[in-house]
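Structural description and commentary
The chain contents come next:
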Amino acid sequence: MPPAHDANSWRILMTWLGPQGRRMDQPGAVEVDTPSGRLQAMPGDWIVLSVTGDYHIAAGQGRWGEA
């Protein structure tokens, strides 16, 4: 996930996610459709596209253990 102020990277991210991703009111947050339902990703998280075509979110540095 890019930082909230990086407009170019956000444009690229939202294009890549397509209709499965939505910007949220919280700066730098995006909601992503995953097999586990809609999940929130924050800057530093990883959004991974699996071979099945599903998105998955992995917590980045500083977010491990938060749930």
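Everything discussed here concerns the structure shown above.
1. Some details on the packing of aromatic side chains
Under the definition given, this model contains 1 aromatic pair. Their ring planes at 80° and their centres at 5.0 Å tell us that tryptophan 16 and tyrosine 55 sit as a pair that is edge-to-face. With tryptophan 16 in helix 1 (residues 7-17) and tyrosine 55 in strand 5 (residues 55-58), this pair connects stretches of sequence that are 39 residues apart. The ring of tryptophan 10 has arginine 23 lying over it, and the distance from NZ or CZ to the ring centre is 3.8 Å.

2. Topic: the sheet that holds strand 2 (residues 30-34)
Overall, antiparallel pairing links the 3 strands, which are arranged 1-2-3 in an open sheet. Edge positions in the sheet fall to strand 1 (21-23) and strand 3 (37-41), since each has one partner strand and no second. Each adjacent strand pair in this sheet contributes to an overall mean axis angle of 25°, direction not counted. Its contacts with the sheet put helix 1 on strand 1 and strand 2, and the angle it makes with strand 1 is roughly 145°.

3. Focus on the side chain of aspartate 45
Here aspartate 45 lies in the loop between strand 3 and strand 4 (46-49). The class for aspartate 45 is buried, based on a relative accessible area of 2%. From its side chain, aspartate 45 meets the backbone nitrogen of methionine 42 in a polar contact 2.9 Å long.

4. Regarding the pattern of salt bridges
Pairing is possible between side chains of opposite charge, provided their charged atoms come close. A full pass over the atoms with the stated rule returns 3 salt bridges. Among the salt bridges present, the one from arginine 22 reaches glutamate 31, with a minimum N-O distance of 3.1 Å. For arginine 22, a relative accessible area of 23% puts it in the partly exposed group. With relative accessibility at 22%, the residue glutamate 31 sits in the partly exposed group.

5. Here's the deal with the nonpolar core
Counting residues in hydrophobic clusters, the biggest one holds 9 residues: Trp10, Leu13, Met14, Leu17, Val30, Val32, Ala41, Ile47 and Tyr55. Looking at this core, the elements that each hand over two or more residues are helix 1 and strand 2. Looking at which element gives the most residues to this core, the answer is helix 1, with 4 residues. If we ignore the near neighbours within four places in the chain, the residues touching tryptophan 10 are Met1, Pro2, Pro3, Ala4, Arg23, Gly28, Ala29 and Val30.

Calculation rules
- Residues numbered from 1 in each chain as written.
- Predicted model: local features only at pLDDT ≥ 70, side-chain atom pairs only at ≥ 80, totals over all residues.
- Heavy atoms only, no water.
- Phe/Tyr/Trp six-rings, centres within 6.5 Å; stacked < 30°, edge-to-face > 60°.
- Helix = DSSP H or I, 4+ residues; strand = E, 2+ residues; numbered from the N terminus.
- Lys NZ or Arg CZ within 6 Å of the ring centre and 35° of its normal.
- Pairing = 2+ DSSP bridges.
- Axes fitted to C-alpha atoms, helices over the stretch in contact; angles between N-to-C directions.
- Contact = heavy atoms within 4.5 Å.
- Buried < 20%, exposed > 50% of the residue type's maximum accessible area, 1.4 Å probe, protein only.
- Polar contact = N/O pair within 3.5 Å; in protein donor to acceptor, adjacent residues only side chain to side chain.
- Salt bridge = Lys/Arg side-chain N within 4 Å of Asp/Glu carboxyl O.
- Core = buried A, V, L, I, M, F, W, Y, C linked by side-chain atoms within 4.5 Å.

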